[in-house]
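Understanding the architecture of this molecule
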Amino acid sequence: MSQTSYLVGLIGSGIGPSLSPALHEREADRQGLRCLYRLIDIDTLGVGPEAVGDLVRAARDVGFDGLNITHPCKQLVIGHLDDLTAQAAALGAVNTVVFEDGRATGHNTDVTGFAASFARGLPDVSLERVVQLGAGGAGAAVAHAVLTLGAGHVTVVDALPDRAAALAAALRRHFGAGRAAAAAPDALGPLLARADGIVHATPTGMAAHPGLPFPARLLRPGLWVAEVVYRPLETELVRAARAAGCATLDGGGMAVFQAVDAFRLFTGREPDPARMLADISELAGSPVPATENV
């Protein structure tokens, strides 16, 4: 492969703390490549999420090779792309855009990233009854991943009831009737009392959105908790869940494995997940143990 220099970026809100630039640039350096990874923060630019189309066009016009897309633009970006992979189309969410031959193609590496992280970090937990909090772009991806991993039933909870209902309906169409349902936030307590685990897929807990997504009193031993937020690695939810005796999965593994897949799409090169797991552990200042099967 002749190309050795790449220009990529991340579009989203409040992304200053993102470790994506370091993950991609470090792995590129180790492979003898030059990768410039730029943050395109809509908050810093003073524009709304609806500007994502203009930002994607501008990035393509100035010669970017690709983009990552994060909250709150993963769904809005779809209308501004030329093509979607089957998985991105099924999800209705894009987190990676590749520019090639003047066309912008949307991919979703969140599904495979979360699935790889979950299988690695919570390999033996029960998946019979799962609650998911959050039905946005990340939520669509992780719900698909959890059902692909064999979850019996997923209940989607979101502050926007229509969004939760739409995701649950899409999941039923894809995985079969009886595999998913929607519920309002005020049902979270009773749901968690019966659940095997909860996946948290909202921005709450990010550096720009601190706090707990629900009261800590709803946590209990025997309930596993999987977090999507990775910066900080130990969110308030992960900390509270560990204190309550829950098995936990932080968002670091998903961040790495989705980046592994995005790096491959951007460069055509095969990245090393173990090295990137070590990177995020160092960069975030909290251990993300490597295992033999990464």
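Attention here is on the structure that accompanies the text. (Residues numbered from 1 in each chain as written. Predicted model: local features only at pLDDT ≥ 70, side-chain atom pairs only at ≥ 80, totals over all residues. Heavy atoms only, no water.)

1. Considering the overall build of the chain
The number of helices and strands found in the chain is 11 helices and 12 strands. The C-alpha atoms of the chain give a radius of gyration of 18 Å, which matches the 19 Å a tight globule of 294 residues would have. When its C-alpha atoms are laid out on the principal axes, the chain stretches across 55 × 35 × 35 Å. The buried share of the chain, reckoned over its 294 residues, is 52%. Long-range contacts, defined as pairs at least 24 residues apart, comprise 69% of the intrachain contacts of the chain with a sequence gap of at least 6. With an accessible surface of roughly 12,000 Å², the chain has 53% of that area assigned to carbon and sulfur atoms. If you average the places of the 23 positive and of the 30 negative side-chain charges in the chain, the two averages end up 4 Å apart. (Helix = DSSP H or I, 4+ residues; strand = E, 2+ residues; numbered from the N terminus. Rg over C-alpha atoms; globule rule 2.2 N^0.38 Å. Buried < 20%, exposed > 50% of the residue type's maximum accessible area, 1.4 Å probe, protein only. Contact = heavy atoms within 4.5 Å. Areas by Shrake-Rupley, 256 points an atom, 1.4 Å probe, with all protein chains shown as cover. Lys, Arg positive; Asp, Glu negative; His and termini not counted. Charge placed at Lys NZ, Arg CZ, Asp CG, Glu CD.)

2. Digging into the packing of aromatic side chains
In this structure the tally under the stated criterion is 2 aromatic pairs. Ring geometry for Phe114 against Phe118: centres 5.8 Å apart, planes inclined by 40°, an arrangement best described as tilted. Residue Phe114 and its partner Phe118 are both found in helix H5 (residues 110–121); the two are separated by 4 residues, about one turn of the helix. We classify Phe118 as buried; its relative accessible area is 3%. Summarising the aromatic geometry, the rings of Phe118 and Trp224 are spaced 5.1 Å apart at their centres and angled 75° between planes, so their arrangement reads as edge-to-face. Taken as a pair, Phe118 in helix H5 and Trp224 in strand E11 (residues 224–227) lie far apart in primary sequence, 106 residues in all. (Phe/Tyr/Trp six-rings, centres within 6.5 Å; stacked < 30°, edge-to-face > 60°.)

3. Focus: the sheet that holds strand E12 (residues 248–249)
Strand order across the open sheet formed by 6 strands is E9-E8-E7-E10-E11-E12, with parallel pairing between neighbours. In this open sheet, the two strands that pair with only one neighbour each are strand E9 (180–183) and E12. Taken together, the 4 bridges between strand E10 (residues 197–200) and E11 define a ladder with parallel strand orientation. Considered in E11, the bridge of Ile198 is made with Val225. (Pairing = 2+ DSSP bridges.)

4. With respect to the pattern of salt bridges
What the rule picks out here adds up to 16 salt bridges. The salt bridge partner of Asp279 is Arg26, with a shortest N-O separation of 3.2 Å. One end of the pair, Asp279, is in helix H11 (residues 273–284); the other, Arg26, is in helix H1 (residues 20–30), with 253 residues separating them in the sequence. For the salt bridge of Asp279 with Arg30, the shortest nitrogen-to-oxygen distance reads 2.7 Å. Here the residue Asp279 occupies a position in helix H11, and Arg30 occupies one in helix H1, the gap between them amounting to 249 residues. The exposure class assigned to Arg30 is partly exposed, which follows from its relative accessible area of 36%. (Salt bridge = Lys/Arg side-chain N within 4 Å of Asp/Glu carboxyl O.)

Interpretation note: all reported values are geometric properties and have no functional meaning in isolation.
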